[in-house]
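# Structural overview for review
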Amino acid sequence: MTVKELLQEILKLKQEKDVLILAHYYQPIEIQEIADYVGDSLGLSRTARKTNTEYIIFAGVDFMAETASIINQDKHVLIPNYESCCPMAAFLTPEIVKTYKKEHPGLPVVVYVNSTAAVKAESDICCTSSNAVKIVEKISKEFNTEAVLFGPDANLADYAEQLSGVKCLKMPDVGHCYVHSQIKPEHIINVRDIYPKAKLLVHPECKRDVRELSDFVGSTAQMYNRVKNSPSEEKEFIIGTEIGLLERMAQDFPNKNFYPVMDKVICFNMKKHSLELIKYVLEHLDDKAFEIKVPPEIAKRAITPIMRMLDYS
Ligand code: SF4
């Protein structure tokens with residue numbers, strides 16, 4: 001089957017069945033094309049919360065599908081490839097959170113959505129890269145503290161602390177995303193030399209020395225909107241995040257030019273889905289092998305911090 005035939009077949013199956021397909025901006029562009037909604041973690045969670053379909057196929061990493069399942073316990077959330085997981089989530093376990101809570105009683109626990117359901121269950125509130133600053137500000141006010149516990153991304157914790165002025169104690173110090181933390185100041189200096197007129201946009205999962213050399217820091221959706229709302233004289237952009245977002249922008253804004261900040265800014269974990277797998281799942285919606293189910297006792301505790309985040313955003 002050609003890609004075109006696969007796309008047509010998927011669109012046909014999707015129309016016949018009660019399914020919503022969600023895709024993260026880091027998905028391969030052909031998967032973004034067949035999705036009902038493409039967005040960042042926050043937008044995907046909000047869309048999953050609103051849907052009325054019986055099935056949700058989630059083209060993203062496992063924690064995103066888990067979150068959708070937790071807030072839609074009456075629906076079937078399916079992931080085309082269960083090996084698509086986020087290595088950052090492995091930096092934080094419920095035991096680590098419990099230890100930090102014991103050492104810092106009274107401090108609210110903020111966990112990035114890039115975490116397991118069991119870790120979310122130990123938290124007071126979740127956040128995404130687009131609302132981390134706001135969430136840290138609000139929860140520290142609510143708890144009347146000058147600090148919060150924050151994990152697992154140490155770079156996002158640093159960013160939230162820098163912008164909110166609230167101390168973010170990192171759980172743990174070393175949590176990071178391998179895709180964004182490979183970007184170094186020398187890459188920025190090099191790419192700026194090549195494209196001196198381009199605006200440089202980076203993700204808050206990048207290290208502070210990289211963020212400080214950029215023109216804009218934001219989540220994938222915030223970067224997308226920064227380009228969408230840019231004045232017509234701004235024609236060139238250097239994109240400091242996973243290549244899928246650059247591909248989306250190049251398609252949606254053909255009058256602008258986009259350059260990667262360095263070679264191979266690729267999240268291999270996000271790229272584990274394929275059109276073939278999505279077609280197969282659409283043909284086998286009741287095959288439990290694809291369904292994401294969080295144990296009820298964990299889901300019951302994890303839903304509160306997720307809903308709190310959605311209400312605060
Ligand atoms: S880009 Fe980084 S944080 Fe996002 S899913 Fe991939 S490894 Fe995880």
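Residues numbered from 1 in each chain as written. Predicted model: local features only at pLDDT ≥ 70, side-chain atom pairs only at ≥ 80, totals over all residues. Heavy atoms only, no water.

A few words now on the sheet that holds strand β1 (residues 19-24). The parallel open sheet is built from four strands, whose spatial order is β2-β1-β3-β4. Two strands bound the open sheet, and with one partner strand each, they are β2 (37-39) and β4 (76-78). Strand-to-strand twist of the sheet, defined as the mean angle between neighbouring strand axes without regard to direction, takes the value 20 degrees. Bridge analysis of β1 against strand β3 (residues 55-59) gives five bridges, and the strand direction is parallel. By the bridge assignment for β3, Ile21 is matched with Ile57. Packed onto the sheet, helix α14 (residues 275-283) meets β1, β3 and β4 and runs at close to 155 degrees relative to β1. (Pairing = 2+ DSSP bridges. Helix = DSSP H or I, 4+ residues; strand = E, 2+ residues; numbered from the N terminus. Axes fitted to C-alpha atoms, helices over the stretch in contact; angles between N-to-C directions. Contact = heavy atoms within 4.5 Å.)

Here we come to the site of the ligand. In the vicinity of the ligand, the contacting residues are Tyr26, Val61, Cys86, Pro87, Met88, Asn114, Cys177, Tyr178, Val179, Glu205, Cys267 and Met270. Most atoms of the ligand, that is more than half of them, are within 2 Å of grid points of the largest cavity. Split by residue class, the shell around the ligand holds ten nonpolar, one polar and one charged. (Near = heavy atom within 4 Å. 1 Å grid on protein atoms, 1.4 Å probe; cavity = no way out; pocket = protein on both sides within 12 Å on 5 of 7 lines; lining within 4 Å. Sits in = over half its atoms within 2 Å of the grid points. Nonpolar A, V, L, I, M, F, W, Y, C, P; charged D, E, K, R; others polar.)

In terms of domains, the protein chain is made up of domain 1 (3-85 + 270-294), domain 2 (88-176) and domain 3 (183-260). For domain 2 and domain 3, the distance between their C-alpha centroids amounts to 27 Å. Listed as interface residues are eleven residues of domain 2 and, on the opposing side, eleven residues of domain 3. For the pair domain 2 and domain 3, the two sides together bury roughly 900 Å², of which 41% comes from carbon and sulfur. Considering only the surface of domain 2 that becomes buried against domain 3, Asn155, Tyr159 and Gln162 emerge as the three largest contributors, covering 48% of it. Here domain 2 and domain 3 share two salt bridges between them. A salt bridge links Arg208 to Asp158; its shortest N-O distance comes to 2.9 Å. (Domains from an automatic or database assignment. Buried area = accessible area lost by both parts, 1.4 Å probe. Salt bridge = Lys/Arg side-chain N within 4 Å of Asp/Glu carboxyl O.)

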